[in-house]
Structure formats: C-alpha cells, structure tokens
Amino acid sequence: MVWIYIILTALYLIESLAWVRAGGTALPSVLGRFSGQLSPRKLLGNERGFVSRFGPLPLDVTFVSDSWPLSIADDGVVGFVATCPLGNDRPRGTDQFFSWAQLSNLVVKEKTLVVGDLALCELRSGESARELAAELKTIAAADTADRTTRIDQFVADRFSSENVAAKVTKFRLAARNLKLLAMMLGFWIFVIGIARYQGWLPGFSGAETLAIYLAVLVALWWGTNVELFLAHRRLYPLKRGDRWKLLLTSIVSPAVPLRGTDHLARHLLSDRHPLAVAAVIFPPDSLQPSFDAAIRDIHFPLLPPYPADAPEVMMAAIDQYRTRCGNEIQRLGEKLAIDTSRSLSEPTRQEPEAVSYCPRCHQEFAKLEAICTPCGDRVSIAFAGPV
C-alpha cells in the first residue's frame, strides 16, 4: 500500500514539471496565487530549455510564454530571436532572411515553416505553425503601403493584454469544474486514503469500507477525466489528437487528471509576450522590474545582437523589429501606469567595492571594463559616482 502512494506521488511530481524551451518564460502559480515575480524560475536545464518550478496543488498552473522565433520587418523576415527580455538564453534560430516576395512560397512541414529548401523557424506545434504561416502569407500578399500597418498590428498582438485577458477568462471558465474535481480527487487520494490506511478514521478504516473508498475514488477519477476532456475541447477545439491522447493517459494514471488544469494552461499563451501575460495575472505594482529588464534588453540586447556574418538587410530587419517591440513595451507600460523613464538609468550601487555594472542585467563588478558572461560577454560600464 505504501508503494502505491510513493508511485502516485512520483507520477504527480512528473506531471507537474513543465518543459520550457530556451528563451521562454514560465509563470507558475503557487497555492493558487501568482507571486508577481517574472523570471525563468529554473529547476534544471540545458541549451535547449529548462524545467520550470511549479505550484504543489492540483489547482496550480504554469503559463508558458515562448520566445518569438523570428524577427519581422518591412523588408522581410529573419529566423533569429532578437529579444530575450527575461533571461540569458537565446534559442537557436535558422538565421535565414526571406523577403516578402519569397514568403509567398511559404509552406508548413510538420512544425517548421519552410521557404524553398530552407527553414525559416520551428514552432511548438503544427497548429501554431499553420496559424503563423497564414498570418505571414496575408502580410506578404498586402501591398507595400498596407504591409507596414499589418506588421505593426502583428507585433502589437503579441503585447495585447486585452487578448491575454480574454484567453485567461475563457480558461478560468472552462477549467472551473475541473479545478474543483481535481482538488477533490487529490484530497480523497492523499488525505482520506492515507488517513484511512493509518487507521485515523474510526468507522472508515476497516476492510469492510474498502469498496466504498474505491467506488468514490473511481467516480472522482472518471469524473475528472471527463471534465478534463470537455475543458480541453472548449479551449482547443481543433486539437483532437492531443485531446484523445490526454484522455488515454488520464485513464492509465490518476496523476494526469490531478494536474489536468496545469496541462490545459501551459501552452494557452505561448505566443504572447510574457509582459502581456504578467500584466493580466500579476499585481501591477510588481511589474516594474520586469519592464525595466525588457527595456534594457531592447537597448542592450543579448550578444551577439545579429547572426554571424549577417548582411546589412538582415541587421536592419532585426533592429527594426527590436524598435517595434520597444515601442509596444512602452505603450503597455503607459497603459499600466508603469514609469519606464528611469529604466536605462544607472542602478543604485549594491556593493561598496563595485566600480562598474552590466547595462543589460545590472550585475556589478569590482573592476572596470569587466565582462558579463551571462549577457554574451558584454563589457561593463563604470559607475558615474565615486566609490
């Protein structure tokens, strides 16, 4: 009996882990609340990604915001991640540049956008790849005068807190019953079940009550499975394959429906900027450090700022995309009444012996012209004031 609970706990912990691709941001709740800290929150990882920290309860969720896999500009699109606002890991891109005329021949092969024989970028899923390809083809088909407006709107959508709020509201409504059932299932397994096994429940710890306990367990398990299936259909009506796969694994392991709410949330907002997600789920007074970091990343990007041997047209496209992102960050900050006027100012010295700092991450150094390795070997800047 003890081994059953050990195995269930191990499965529960495994189902709680969210894999975040390099450059992405995890936004987990803990005990049903979001802390307001926007950071990578890594447990472990490598150059391809990391495992995020998570909340312990069945009602806890982790929203994942992936790095945008391309840079989009008036002249074309580059398979290069231009901004890494909340971390120091840039996912590997294709480093390919395609003009809008070339993008008329864009096709999707599984999860990859391909032009001719060259890949532009890879998305998390085939559905995401098809949606992005459709948007890019629409922009490519527009005339030159209209294209700039469409590109501006395309970028602005990533930073739209209204769009995020609508999705979060839909998620909460869809998962409302699932959260309740999952909490009841977890309570029945890990509280009532253990208390019954230890003999702490007079009148409900004997062998004669085992059938009742198992009947309630099966009813809660299957009820949660059904609600998970229905909630997935409400949120992701086109992902039939994922839905049936989730149901089959739920039938095999109760740990899956226990973390069902988390499974539904993880990729709901993956194509939105983390600041837009945080603007909806975090308290506004907690967002200042994240906005400051995002603005510094625009002006002092993770090195190298361009692909190796990039031609001028590619560098210009990446710079233009960074500018667009910077403008959207400023607009979002203004809407939330966040003061970004001092985001690029010299930080307050934390260590008395520090003489310089990294302009991107504000790490301090005890020597001039030090090298900030996490920011791509960026050279530090001297503090203006005396030591």
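Moving on, we get to empty space enclosed by the protein. The gaps of empty space that remain are located by a probe, the size of a water molecule, rolled over the atoms. Here the structure, examined in full by the defined rule, presents two cavities of 30 Å³ or more. One number sums up the size of the second largest cavity: a volume of about 30 Å³. Every residue lining the second largest cavity is listed: T83, P85, F159, H273, A294, D297, I298, C325 and I329. Residue assignment for the lining of the second largest cavity shows that the elements contributing at least two residues are α11 (288–299) and α12 (312–335). Each residue belonging to the lining of the second largest cavity can be placed in one class, and the counts come to six nonpolar, two polar and one charged.

This part covers the nonpolar core. Formed by 71 residues in total, the largest nonpolar core has its most connected members in F63, I72, L113 and L136. In this structure, L113 is in contact with L106, V107, V108, L118, A119, L120, C121, L123, A129, L132, A133 and L136, ignoring residues within four places of it in sequence. One finds L8, L185, W188 and F204 within the second-largest nonpolar core, a separate group that totals 13 residues.

A separate point is the packing of aromatic side chains. Counted according to the given criterion, the structure contains ten aromatic pairs. Taken together, F34, F63, F171 and F282 form an aromatic cluster joined through their ring pairs. The ring of F229 carries the charged tip of R243 above its face, separated from the ring centre by 5.9 Å. Positioned over the ring face of F383 is R349, at 4.4 Å from the centre of the ring.

Counting buried positions over the six residues of strand β2 (residues 25–30) gives five, a clear majority of the element. Summarising the sheet, β2 and strand β6 (residues 62–65) pair through four bridges and their orientation is antiparallel. Looking across to β6, one finds that L27 is bridged to F63. Here two bridges tie β2 to strand β3 (residues 33–34), and the two strands are oriented antiparallel to one another. Residue pairing for β3: S29 is matched across the bridge by F34. Counted along the chain from β2 to the antiparallel partner β3, the turn is two residues long, and its residue L31 has a positive phi close to 60 degrees.

Attention now goes to the environment of A73. Along the chain, the position of A73 falls in the loop between β7 (71–72) and β8 (76–78). By relative accessible area, which is 1% here, A73 ends up buried. Residues A73 and Y321, 248 residues apart in the sequence, show an inter-C-alpha distance of 5.8 Å.

The next thing to look at is helix α2 (residues 126–141). Helix length check: α2 (16 residues) gives 22 Å between terminal C-alpha atoms against 22 Å at 1.5 Å per residue, within 8%. All of the buried residues along α2 are G126, E127, A129, L132, A133, L136, I139 and A140. Buried residues along α2 sit in contact with β7, β8, β10 (106–109), β11 (112–115), β12 (118–122) and α3 (144–158).

Taking 1.5 Å of rise per residue, the 13 residues of helix α7 (residues 240–252) would be expected to cover 18 Å, and the 19 Å separating its terminal C-alpha atoms lies within 8% of that figure. Among the residues of α7, those classed as buried are R243, L246, L247 and S250. Down the axis, α7 shows its buried residues gathered within 100 degrees of arc, on one side only. Exposed positions of α7 whose direction lies more than 90 degrees from the buried face are G241, K245, L248 and V252.

Moving on to the packing of α3 against α12. For the pair α3 and α12, interaxial distance at closest approach is 10 Å and the crossing angle is 55 degrees. Classed by the angle they form, the pair α3 and α12 counts as oblique. Of the two elements, α3 crosses α12, and the hand of that crossing is right-handed. Where α3 approaches α12, its residues T148, I151, D152, V155, A156 and R158 are matched on the opposing element by Y321, R324, C325 and E328. The residue inventory of the contact of α3 with α12, partitioned by class, reads five nonpolar, one polar and four charged.

What follows deals with the pattern of salt bridges. Considering all chains together, one arrives at 13 salt bridges under this definition. In this structure, the salt-bridge partner of D146 is R150, at a minimum N-O distance of 2.5 Å. One end of the pair is D146 and the other is R150, both in helix α3 and four residues apart, which spans about a single turn. Given the relative accessible area of 35%, R150 is considered partly exposed. In this structure, D319 and R322 form a salt bridge, with 3.7 Å as the shortest nitrogen-oxygen distance. Linking D319 with R322, this pair stays in helix α12, spanning three residues, or about one helical turn.

Ordered by their spatial adjacency, three strands build an open sheet running β7-β8-β9, and the pairing between neighbours is antiparallel. The strands lining the two open edges of the sheet, one partner per strand, are β7 and β9 (97–99). Pairing between β8 and β9: three bridges, direction antiparallel. In the sheet register, V78 faces β9, and the bridge partner there is F97.

The calculated volume of the largest pocket comes to roughly 1,200 Å³. Along the wall of the largest pocket there are 36 residues; nearest its centre are S125, S128, Y236, K239 and H267. Among the secondary structure elements, those contributing two or more residues to the lining of the largest pocket are α2, α3, α4 (161–174), α6 (210–235), α7 and α9 (260–265). Looking at which element gives the most residues to the lining of the largest pocket, the answer is α2, with five residues. A per-class count over the lining of the largest pocket returns twelve nonpolar, eight polar and 16 charged. Forming the walls of the second largest pocket are 19 residues, and the residues nearest its centre are R21, R48, P91, R92 and G93. Per element, the largest residue contribution to the lining of the second largest pocket is three residues, and it comes from β12.

Parameters at a glance
Residues numbered from 1 in each chain as written. Predicted model: local features only at pLDDT ≥ 70, side-chain atom pairs only at ≥ 80, totals over all residues. Heavy atoms only, no water. 1 Å grid on protein atoms, 1.4 Å probe; cavity = no way out; pocket = protein on both sides within 12 Å on 5 of 7 lines; lining within 4 Å. Points joined across faces, edges and corners; volume = space filled by probe spheres on them. Helix = DSSP H or I, 4+ residues; strand = E, 2+ residues; numbered from the N terminus. Nonpolar A, V, L, I, M, F, W, Y, C, P; charged D, E, K, R; others polar. Core = buried A, V, L, I, M, F, W, Y, C linked by side-chain atoms within 4.5 Å. Buried < 20%, exposed > 50% of the residue type's maximum accessible area, 1.4 Å probe, protein only. Contact = heavy atoms within 4.5 Å. Phe/Tyr/Trp six-rings, centres within 6.5 Å; stacked < 30°, edge-to-face > 60°. Lys NZ or Arg CZ within 6 Å of the ring centre and 35° of its normal. Pairing = 2+ DSSP bridges. Expected span 1.5 Å × (residues − 1). Arc of directions from axis to C-beta. Axes fitted to C-alpha atoms, helices over the stretch in contact; angles between N-to-C directions. Parallel < 35°, antiparallel > 145°, perpendicular 65-115°, else oblique. Left-handed = near helix turned anticlockwise from the far one by under 90°. Salt bridge = Lys/Arg side-chain N within 4 Å of Asp/Glu carboxyl O.

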